[in-house]
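Report on the structure
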Amino acid sequence: MDSDRNKDMSSHPLSPRSESNYHHQPTDPNIPSSSTTVTSNDKSHAASTSHSDIQELEIRYPAFVRRDSYGTMGRGPLPWTQKILLFIALITLFPLRLLFSALVVLLYYLICKACTLFLAPNQQHEQEDYAHIGGWRRNVIFWFGRVLARLLLFVFGFYWITETYRNPDIDSKFNNEVDASGKSEEVERPGAIISNHVSHLDILYHMSSSFPSFVAKRSVGKLPLIGLISKCLGCIYVQRESKSADFKGVSGVVNDRINNSRQDKSAPMVMLFPEGTTTNGDYILPFKTGAFLSKAPVLPVILRYPYQRFSPAWDTISGRRHVILLLCQFVNYITVVRLPLYYPSQEEKEDPKLYAENVRRLMAREGDLKMSDIGLPEKRIYHAAVHGLFTER
């Protein structure tokens, strides 16, 4: 059984398929390591780096480097043939896709608005959502959300999504199919879906696949159209400061949601990106332990975005240019590797860091991802060096 296999290999961290899966950063006293706090001096240093310094940062922080035809900032030189194709797409494909995507978002907003009409949102622990409304309203929000998310991916050029299931029985387990003896075998529901994070498109895929709740910035809940949709998803909003004495923090809210979703199958599952930031898609960063504190089994999902010219990865390129180049690319691709439920051993339950690291190593091995020990602080340093400025937070 999968649970026995997981327990056998969880007493010590998993080994990647080869040593090449783990990327070792070179030591440089002038570049902060992953355990270094980003200070104002670091920011000034990064902001004033030269081209050679940036190249050195790219060597040290390869998980955040764009390597597609458009270059780091999406403004790299292109051959004339590519410029002609880009121009044609810009005046034909781009406006059509932009229009249809806006119509899809507007349609789903109106559906969410109709389903939440005259209903007050759940307000708990400084969160606000409609995730746990039941009956026909929940069904309409759920099914239209999945269908329209997939339609939106189609509009963006993701005509085919290649999904690989490591365990061919995983679907039947979730559907509780009757076994040969005629008895229904019920498998434990995952506490959370765990995914690597490459692009904002990750959210659309997971919406189309399982329609879970996400962790999002509190500002998302205030956006026009998107704000209501995020509340219907049951997004867990991140806030830097507590405004009430009984606020549990994001980890506390996540644990509550995980426990609730396991007890009530009509409640949405929780979807988490434990890396805490995006990469260029070739690497997997250290996992935060919030998703693993509940000691519940998790469902690992690995996303990759194969490309020829433009990479859909979300990194140094500006948001506006990213959207334009994405919509101007005739065909985009997603490949998905879905793994079986990962059941933690007793040792992993007692040590969330071990649990998180073992799941990370499993995903690195099965997704052919390189492991890196860097994180968001290094990403900020690299981005600041590339953009030539820092924004004080």
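In short, a report on the structure. (Residues numbered from 1 in each chain as written. Predicted model: local features only at pLDDT ≥ 70, side-chain atom pairs only at ≥ 80, totals over all residues. Heavy atoms only, no water.)

Another point: the state of the cysteines. Enumeration according to the criterion identifies 0 disulfides in this entry. Counting only cysteine sulfurs, Cys 232 is the nearest neighbor of Cys 112, a cysteine outside any disulfide, at a range of 3.8 Å. The exposure class assigned to Cys 112 is buried, which follows from its relative accessible area of 0%. (Disulfide = S-S within 2.5 Å. Buried < 20%, exposed > 50% of the residue type's maximum accessible area, 1.4 Å probe, protein only.)

Look at helix 3 (residues 51-60) against helix 14 (residues 376-387): their axes get within 10 Å of each other, and the N-to-C directions meet at 155°. When the interaxial angle is binned, helix 3 and helix 14 end up roughly antiparallel. Read as a crossing pair, helix 3 and helix 14 show a hand that is left-handed. The segment helix 3 lies against helix 14, with Ile 54, Leu 57 and Glu 58 engaging Ile 381, Tyr 382, Ala 385 and Val 386. Among the residues making up the contact of helix 3 with helix 14, the classes are represented as 6 nonpolar, no polar and 1 charged. (Axes fitted to C-alpha atoms, helices over the stretch in contact; angles between N-to-C directions. Helix = DSSP H or I, 4+ residues; strand = E, 2+ residues; numbered from the N terminus. Parallel < 35°, antiparallel > 145°, perpendicular 65-115°, else oblique. Left-handed = near helix turned anticlockwise from the far one by under 90°. Contact = heavy atoms within 4.5 Å. Nonpolar A, V, L, I, M, F, W, Y, C, P; charged D, E, K, R; others polar.)

Before going further, it helps to spend a moment on the sheet that holds strand 3 (residues 161-165). Spatial strand order, 3-10-9-4-7: 5 strands in an open sheet with mixed pairing. At either margin of the open sheet sits one strand with a lone partner, and together these are strand 3 and strand 7 (270-272). Here the strands of the sheet are splayed against their neighbours by 20° on average, with no regard to which way each runs. One ladder, built from 3 bridges, connects strand 4 (residues 192-195) with strand 7; its direction is parallel. Paired with Ile 194 across the two strands is Leu 272, which belongs to strand 7. (Pairing = 2+ DSSP bridges.)

Turning next to the pattern of salt bridges. Under the criterion given, the structure shown has 8 salt bridges. Where Asp 68 meets Arg 66, a salt bridge forms, and the shortest distance between an N and an O atom there is 2.6 Å. Here Asp 68 matches Arg 66 in class, with each residue buried. (Salt bridge = Lys/Arg side-chain N within 4 Å of Asp/Glu carboxyl O.)

All right, on to helix 8 (residues 201-209) then. The buried fraction of helix 8 is high, at 8 of 9 residues. Taken together, the buried positions of helix 8 are occupied by Leu 201, Asp 202, Leu 204, Tyr 205, His 206, Met 207, Ser 208 and Ser 209. Directly beyond the C-terminal end of helix 8, a positive phi value near 50° is found at Phe 211.

The values reported here are purely geometric and, on their own, carry no functional implication.
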